[in-house]
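Spelled out, the chains give:
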Amino acid sequence: MICTPLIGAYGIQFIAGEFPCPLCLIQRLGMIGIACGVVMNLRYGIRPMHYGMCIISAMFGASVSIRQILLHIVRAPDNHGYGSPVMGMHLYTWALLIFAATILILGILMLFDNQYDSKETSMNPKQMPKIATFAFWLVLTITACNVVTTFLECGINQCPDNPTSYLMLQ
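First, a word on what this report is: a plain description of the structure on this page.

Parameters at a glance
- Residues numbered from 1 in each chain as written.
- Predicted model: local features only at pLDDT ≥ 70, side-chain atom pairs only at ≥ 80, totals over all residues.
- Heavy atoms only, no water.
- Helix = DSSP H or I, 4+ residues; strand = E, 2+ residues; numbered from the N terminus.
- Buried < 20%, exposed > 50% of the residue type's maximum accessible area, 1.4 Å probe, protein only.
- Contact = heavy atoms within 4.5 Å.
- Areas by Shrake-Rupley, 256 points an atom, 1.4 Å probe, with all protein chains shown as cover.
- Lys, Arg positive; Asp, Glu negative; His and termini not counted.
- Charge placed at Lys NZ, Arg CZ, Asp CG, Glu CD.
- Phe/Tyr/Trp six-rings, centres within 6.5 Å; stacked < 30°, edge-to-face > 60°.
- Lys NZ or Arg CZ within 6 Å of the ring centre and 35° of its normal.
- 1 Å grid on protein atoms, 1.4 Å probe; cavity = no way out; pocket = protein on both sides within 12 Å on 5 of 7 lines; lining within 4 Å.
- Points joined across faces, edges and corners; volume = space filled by probe spheres on them.
- Nonpolar A, V, L, I, M, F, W, Y, C, P; charged D, E, K, R; others polar.
- Polar contact = N/O pair within 3.5 Å; in protein donor to acceptor, adjacent residues only side chain to side chain.

## Focus: the overall build of the chain
Along the chain, the regular secondary structure elements total 5 helices and 0 strands. Seen in sequence order, the chain has helices and strands lined up from the N terminus as α-α-α-α-α. The principal-axis extents of the C-alpha atoms in the chain amount to approximately 60 × 35 × 25 Å. Expressed as a percentage of the 170 residues in the chain, the buried residues total 34%. Sequence separation of 24 or more characterises 70% of the internal contacts of the chain that already satisfy a separation of 6 or more. Carbon and sulfur atoms form 71% of the exposed surface of the chain, whose accessible area is close to 10300 Å². Charged side chains of the chain number 8 positive and 7 negative; the gap between the two group centres comes to 10 Å.

Spelled out as structure tokens, the structure:
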């Protein structure tokens, strides 16, 4: 699920002590948008609107990832990329791969027309299975954590380009 890279990013943030840059925070926002679309599919049934939300979020996140990759694409003595590589690639490169895979998977899923054959015309919530309820609370928790940690890192001002501490905790 899309929550896995978000949880991994928090692991790097808190265990390795690497603070996310502003572009990293925006990429997390794109992943949270994808997760919200998935949760809406679980809660309200499969709808093209929910797939559209996921695709738009993935395109947004991919464009931010590409921007960050282009900032660090030329190897130079003072440009080693932002953060430590994970399995040979930086997190923003992994994010681009995740966004591209999301778009590909959603494109394949949208090829199956019978999933849209619903007798319901309203957006009434349906009873969610336990795994879907768990996914909802996980997405909500990750989103709330992202809001809190971003506020602690940046406050109400623009985030620093190369954060080294939580500004609100100083």
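## Digging into the packing of aromatic side chains
Under the counting rule described, the total for this entry stands at 3 aromatic pairs. Both rings, one in F136 and one in W137, keep their centres 5.1 Å apart while their planes meet at 75°; by these two values the pair is edge-to-face. Judged by relative accessible area, F136 falls into the partly exposed class, the value being 31%. The ring of Y10 is capped by R28, whose NZ or CZ atom sits 4.6 Å from the centre of that ring.

## Focus on the environment of G155
Mapped onto the fold, G155 is located in the segment after α5 (130–154). G155 has contacts with T150 and M168, leaving out every residue within four places of it along the chain.

## Details of the layout of surface pockets
Its boundaries defined by the atoms lining it, the largest pocket holds a volume of some 420 Å³. Together, 23 residues line the largest pocket, and P5, A9, I12, L91 and Y92 are the ones closest to its centre. Among the elements of the structure, α1 (3–14), α2 (22–44) and α4 (91–109) are those that each provide at least two residues to the lining of the largest pocket. The element best represented in the lining of the largest pocket is α1, accounting for 6 residues. For the second largest pocket, the lining is made up of 13 residues, of which I34, V38, T102, I105 and L106 are closest to its centre. Going through the elements one at a time, α2, α3 (48–71) and α4 are the ones with two or more residues in the lining of the second largest pocket. The leading source of residues in the lining of the second largest pocket is α4, at 5 residues. Along the lines of polarity and charge, the residues of the lining of the second largest pocket split into 11 nonpolar, 2 polar and no charged.

## A few points about the side chain of S165
Note on placement: S165 falls in the segment after α5. By relative accessible area, S165 is classed as buried at 19%. Of note is the side chain of S165, whose polar atom sits 2.4 Å from the side chain of Q170. Here S165 is in contact with F19, E153 and Q170, once residues within four sequence places are set aside.

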